[in-house]
Amino acid sequence: PDLTNQLIRVLIRFREEEVAYMGDIEAMFHQVIVPEHQRNLLRFLWWKDGNPEKEIEDLEMCVHLFGSVSSPSCSNYALKRTSIDYQWKYGEDAGKTLRRNFYVDDMLKSSPDVVTAIDLLQRTRSLCKAGGFNLTKFVSNSPEVIQSIPSTLVKPSSTFQELIDNGGKHNEKTLGLIWNFNPDTFGYKISPKEKPQSKRGMLSEISSIYDPLGFVGPFLLEGRKIIQQLCHLELNWDEIVPDEVKNKWLTWKTRLPSIERLSIKHLR
């Protein structure tokens, strides 16, 4: 079953309050043990020392692996089960954070003030540890929150000193979106790539713009209408489009970098 929280809901909850912070569970899948009677389903062949001249070994994975269809479901279940088993010790709000504010191994959470954020963050990390998960790589829009965390657990690019050196300005990638610490907004980073002027190339360019919250939907709709026009012309996927359509596409494409000027404040 799909036990992963919906991306849009996690992002919206992330900016409900003033003090925002993120963390990452270290090698999450590898922290969840596969029951011994199921390890036969994760068998693989291995040459010792990577030498194909040696005898092939028949091995089994003892933990869930990256790339297996079942790994996200099993790992999400283990995390949510941890919240149920140990929230009595670390608080219902910490348990709720594990169930509602994680997207697979990424935690995105916000609190109304610094004191609440530091307290909840410490208890949430202890709750994760009780289930065998190491919550690390913390970032926050609050220097006080960052200072309250051991430096070994802070994401290297988000140390307090770096925030000072940059005048409090810092960008962090947040599930595909750009989170600007100062001002505290969501934004976009557009990296145009030259693609063939064909239906396949144009569709690839539009699809490369990641917009889970739909803020630039009206702008992208103009590009999609051009793709729709190509479909009506019944062109092949790699056929060069007519000049009339190509000019409309190039005009739309020249406006693409303007998306970077868009910034979205709190979602509440």
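Residues numbered from 1 in each chain as written. Predicted model: local features only at pLDDT ≥ 70, side-chain atom pairs only at ≥ 80, totals over all residues. Heavy atoms only, no water.

Would you mind going over the overall build of the chain in detail, with residue names and values included?
A count of helical and extended segments in the chain gives nine helices and nine strands. For 268 residues, the compact-globule estimate of 2.2 N^0.38 gives 18 Å, and the C-alpha radius of gyration of the chain, at 23 Å, exceeds that figure by more than 25%. Within the chain, the proportion of its 268 residues that are buried is 41%. Only carbon and sulfur atoms are counted for the fraction: they give 53% of the accessible area of the chain, which is about 15,400 Å². Each charge class in the chain can be summarised by its mean position, and for the 35 positive and 35 negative side chains these summaries are 4 Å apart. (Helix = DSSP H or I, 4+ residues; strand = E, 2+ residues; numbered from the N terminus. Rg over C-alpha atoms; globule rule 2.2 N^0.38 Å. Buried < 20%, exposed > 50% of the residue type's maximum accessible area, 1.4 Å probe, protein only. Areas by Shrake-Rupley, 256 points an atom, 1.4 Å probe, with all protein chains shown as cover. Lys, Arg positive; Asp, Glu negative; His and termini not counted. Charge placed at Lys NZ, Arg CZ, Asp CG, Glu CD.)

An account of helix H7 (residues 199–207) is requested, with residue identities and associated values reported.
Think of an α-helix as turning once every 3.6 residues; residues three or four places apart then point the same way. The set of residues buried in H7 consists of Lys199, Gly201, Met202, Glu205 and Ile206. Looking straight down H7, one finds that the buried residues subtend no more than 165 degrees of arc, so they occupy a single side. Buried positions along H7 lie against helix H8 (217–232) and helix H9 (243–254). (Arc of directions from axis to C-beta. Contact = heavy atoms within 4.5 Å.)

Would you mind going over the packing of helix H2 (residues 71–90) against helix H4 (residues 114–130) in detail, with residue names and values included?
For any two helices packed against each other, the geometry is given by the interaxial angle and the distance between the axes. Between H2 and H4, whose axes approach to 9 Å, the crossing angle comes to 130 degrees. Comparing the axis directions of H2 and H4 gives the class oblique. When you trace H2 past H4, the crossing you get is right-handed. Packed against H2, whose contacting residues are Thr82, Ser83, Tyr86, Gln87 and Tyr90, the element H4 presents Arg123, Ser126, Leu127 and Ala130 at the interface. (Axes fitted to C-alpha atoms, helices over the stretch in contact; angles between N-to-C directions. Parallel < 35°, antiparallel > 145°, perpendicular 65-115°, else oblique. Left-handed = near helix turned anticlockwise from the far one by under 90°.)

Got a sec to walk through the sheet that holds strand E7 (residues 171–174)? Specific residues and values, please.
The sheet built from three strands is open, its strands ordered E7-E8-E9 with antiparallel pairing. Looking at the sheet topology across the chains shown, the edges are occupied by E7 and strand E9 (185–187). Averaged over all neighbouring strand pairs, the angle between strand axes comes to 35 degrees, with direction disregarded. Looking at chain direction, strand E8 (residues 177–180) and E9 are connected through three bridges and run antiparallel. Paired with Ile178 across the strands is Gly187, a residue of E9. (Pairing = 2+ DSSP bridges.)

A description of the environment of Val32 should follow, citing residues and the corresponding values.
For Val32, the position within the fold is in the loop between strand E1 (19–25) and strand E2 (43–47). Val32 sits in the buried class, given a relative accessible area of 9%. Measuring from C-alpha to C-alpha, the distance between Val32 and Lys48 comes to 25 Å, with 16 residues separating the pair along the chain. With near-sequence residues (within four places) excluded, Val32 lies in contact with Val63, His64, Cys74, Ser75, Ala78 and Phe133.

So what about the sheet that holds strand E5 (residues 106–111)? Which residues, and what values?
With antiparallel pairing, four strands are arranged side by side in an open sheet as E4-E5-E1-E6. The open sheet has two free edges, formed respectively by strand E4 (102–103) and strand E6 (135–140), since each of these has just one partner strand. Across two bridges, the pairing between E4 and E5 is antiparallel. When the sheet's bridge partners are listed, Phe102 is paired in E5 with Met107.

Give me the packing of aromatic side chains: which residues, what numbers.
This model, assessed by the stated rule, comprises six aromatic pairs. Summarising the aromatic geometry, the rings of Phe44 and Trp46 are spaced 6.2 Å apart at their centres and angled 85 degrees between planes, so their arrangement reads as edge-to-face. On the numbers, 5.1 Å between centres and 20 degrees between planes, the contact of Phe219 with Trp252 is stacked. Here Phe219 is found in helix H8, whereas its partner Trp252 is found in helix H9, with 33 residues between them in sequence. Overall, Phe219 belongs to the buried group, its relative accessible area being 12%. Among the aromatic residues, ring-to-ring pairing joins Phe14, Trp179 and Phe186 into one connected group. Across the ring face of Phe14, the terminal group of Arg15 is positioned such that the distance to the ring centre comes to 5.7 Å. The ring of Trp237 has Lys199 lying over it, and the distance from NZ or CZ to the ring centre is 4.6 Å. (Phe/Tyr/Trp six-rings, centres within 6.5 Å; stacked < 30°, edge-to-face > 60°. Lys NZ or Arg CZ within 6 Å of the ring centre and 35° of its normal.)

In short, the description is geometric, and any link to function would need to be established separately.
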